[in-house]
Each structure stands twice: as structure tokens, then as C-alpha cells.
Amino acid sequence: MDSYWAVGVLSLACLGMALTALVLVVFLKYSETNVVKAAGRELSYVLLVGIMSCYAMTGLLLLKPMDVICGFQMFSIGVCFAVCYAALMTKTNRISRIFEAAKHTAKRPTFISPRSQLIICFGLVIVQVIIMVLYMAYSPPIAEFYYPSREERMLVCRSHVDASYMVSFAYPILLVIICTIYAVKTRKIPEAFNESQYIGFTMYTTCIIWLAFVPIFFSTATNIPLRITTLCASISLSGTVSLVCLFAPKLYIILLRPERNVRPSLMPAKYLVKTNTTSMTSGTSDSNSQTSAPLNLHSTPVIAPKIEKNNINANSKALTNLSKNLQTGNHNSSPAANKLPEEKKMPLQKKTDDKEEAANSGLRHLGSFSSNVSRVSIGSNVSSNLSYSVDSLPSIDKESLDDVQL
């Protein structure tokens, strides 16, 4: 504990534990906000527990070797990684299944609820627990003396000498590879829906760390303090990468940009445009179905404006004629009209403008259409629905008036 190697890795581990505790406190305080919910609260808590365990492993690896301590080291070093990468794999698997299912069907995929995600995550961790129990029963970890030279004698865990720690890392490395594959598969989906891009960067960096760790670990077989230091540093760096890449963007929004901690700001602009277009299309189809359907006569009635019967019929006829002209694409589409000189076309255009004004007047009197209606969108179906008589004009509540769109 008093060596320079130990002081360095212990300082890194203590700093990481403090940052992890800060992130956990912030997530608990703002657990009902959109950013925390979008990140998956339950799996985020599991991941933070796993990161905290990675930092705590440094202190456990630096304790004086005993049989029990060696057993805890052997067991915990694989489980803490399994907790981290099982949570990340569950997240990426959920994202991948949701978007893959959306390509083929509108049915919601199974096992994507928070409870199901926790069950899947703990199931993956139990696999690591079973592996370690079986291996420790086959080869019990013990503390023994190691002689690097004739003059030196060191009390170490046997796993530090024969590199049996690689058994603990085998299953977590498999989880890392699977997480990386899922991160690559989901890298092109909209960034606001998931953490796959952050998870992908985390996995790439983790792979680089462990690719550098493996040769260093095996090349320091004769220097046990350096081997233990390298192991502690690699574990702490893996936890730091997960903490910074996955939680730093969320802390930035929660603490420094709270105005962005709302649902619309989590959506990219290109998706907002698509969503609005889709909602407008569906809203138009719904409003058309509402126009053709019988109006609700049981809602709270309001007093309809008094309209003369002749005005309604005249406006309906004018609106019908206008819609036919607009559908043909030209007010003067007839051959006779095209042969008229320019000075004779003006009255015809003026009459058409009068019809449009009459149609707009009828719309204002009826009071059931929006003032920003485009003239081009007037169709014959709508104009036929306007021919109500005074006696048959039903009472319409305000909500129905707001929902009706041309």
C-alpha cells in the first residue's frame, strides 16, 4: 500500500469513485427528468454500481495476499466487469431489436420494459458468477510465496503468477465484443433515440485499452508489482471511459443546460420535421373522416351564427364552381376563353375573383374552418359537405370546430 505504484493507482481509483458517487446523486435527484428517463434509469443505476465496483477493485487487489483475499479478488474482478458490460449489452440489444422490428412490423418488440431489461442484465451476470464458482472449485485460489530471484521472496496470490485472471476476463471480453457489434449495427439510427453512438465509442476505447493491457500483463511475468499495477490501472481506465463517455453528456444537459432537458430538445431537427409532417398527414386524414362522419349532437351546444338560406346555397354553388376550376388547373381552360382578347379576359377574371370572395365570405359565416386554408386544397368533397340548410345545420361544440380542417 505504501509503494509509489500503489499510491498512483489508488489516487486514480478514489477520484473515479468520487465522480461516480456524484453522478449517482445527480441521477437520483433528477430521476424524473426526460434525460434520465431516456437513458434508462434502472440500467443506468446498474452500470454506475458496476463502475463503482471497478474502482473498488484497486483497493482489493492491493491488500495483503491471503487465501480469502485471493478468492475475493478472483471472483470480484470478473463480476464487476460483467455487471458493466451486461448493462451495456442489454441497452444496445434493446435498441437494435426495436429498430429492426420497426423495419418489418409495427408490433412492439417483447422484453423491452425496464423490468425485462433488469432480468436480462442479471441473467448475464449470473453466467459469470457460475463460471467463477466452477473454476474456483476446480482450482482454489491460494496465497503462496514467489521467488523472482535467489535473494527475493514475495507473498502473492497464485493467480498473479500463472495468469489465471484471464479466466475471469474471458466472459466480459465476450460481452465487450457483442456490445461492439451491436453498437456498429445501430450507429446510423437517429442519435436522439439511443445511446448507441456513445456506447460504441465506449466499446472502441475499451477494446483499445484491453488490447494494450494483454501484452503488458504477459510481458511483466517476473515483475509482480508492475503486473498488479497494470491490472489496477486497466480496470480503473475502463470504468473511467464508461463514466465519461456515457454520463458526461447527460450531466452537461442536466446541470448546465436545463432548458434542453425536455422531450422536444432530445429529438433531432430532421426527425422533428418528419414527425410533424406525419402528424399533419394523419391529422388531415382524421379531419376528413370527421367531416364525412356524423357530427356529435350530444356535446355541449353553442349558438350557431344566423345565415340566410340563399347565401348558403349561393356560397355553396360558388365554392363548387371554384373547386372545379381549381382542379382543372386553369380558370380559363375552355377554348373559347383562350380565344378572348386580353381586355375581355379581365371581366372573366374579375368574376372568378368575385366567386372566390363569395366563397371566403361563406367560410367566415360558417365559422367552422381555419382562416389559413389554402385555396388550392379546396376539393369537391368538402364543397359538397357545405350544402346544409338552415333547418338542418347542427350545433357544433368548440372542440369539433377546432378539429375540423379543410
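No experiment lies behind these values; they were computed from the predicted model shown.

Enquirer: I tried to follow the confidence of the model for the chain on my own but got confused; where do I start?
Expert: Low pLDDT means the predicted coordinates in that region are not meant to be read closely. Predicted confidence across the chain gives a mean pLDDT of 74, with 63% of residues reaching 70 or more. Considering only residues more than four positions removed or in separate chains, one finds that residues 330-346, a stretch of pLDDT under 50, has 16 contacts. When the criterion is pLDDT under 50, residues 365-406 qualifies, and its contacts beyond four places in sequence or with other chains add up to 62 contacts.

Enquirer: For this particular structure, what's the right way to read the pattern of salt bridges?
Expert: Tallied over the full model, the rule gives three salt bridges. A salt bridge links Lys37 to Glu32; its shortest N-O distance comes to 3.7 Å. Judged by its relative accessible area of 42%, Lys37 falls in the partly exposed class. Notably, a salt bridge pairs Glu32 with Arg41, separated by 3.1 Å at the nearest N-O pair.

Enquirer: Can you help me understand the nonpolar core in this one?
Expert: Generally speaking, nonpolar side chains in soluble globular proteins are found buried as a group. Residues Leu61, Tyr85, Ile235 and Phe247 are the most contacted members of the largest nonpolar core, which totals 59 residues. Put simply, the parts of the chain that give this core at least two residues each are helix H1 (4-29), helix H2 (34-39), helix H3 (41-61), helix H4 (67-104), helix H5 (114-138), helix H7 (165-185), helix H8 (196-219) and helix H9 (224-256). Leave out the neighbours within four places in its chain, and Ile235 touches Cys54, Met57, Leu61, Ile77, Phe81 and Trp210.

Enquirer: Hey, could you run me through the UniProt feature "transmembrane region" (unreviewed entry) in the chain in this one?
Expert: UniProt marks residues 6-31, 43-63, 69-88, 118-138, 163-184, 196-218 and 224-248 with the feature "transmembrane region" (unreviewed entry), using the numbering shown here. Structurally, residues 43-63 comprises 90% helix and 0% strand, and the distance from its first C-alpha atom to its last is 31 Å.

The rules behind each value
- Residues numbered from 1 in each chain as written.
- Predicted model: local features only at pLDDT ≥ 70, side-chain atom pairs only at ≥ 80, totals over all residues.
- Heavy atoms only, no water.
- pLDDT = per-residue confidence, 0-100.
- Contact = heavy atoms within 4.5 Å.
- Salt bridge = Lys/Arg side-chain N within 4 Å of Asp/Glu carboxyl O.
- Buried < 20%, exposed > 50% of the residue type's maximum accessible area, 1.4 Å probe, protein only.
- Core = buried A, V, L, I, M, F, W, Y, C linked by side-chain atoms within 4.5 Å.
- Helix = DSSP H or I, 4+ residues; strand = E, 2+ residues; numbered from the N terminus.
- UniProt positions renumbered as here; feature names shortened; annotations may be inferred.

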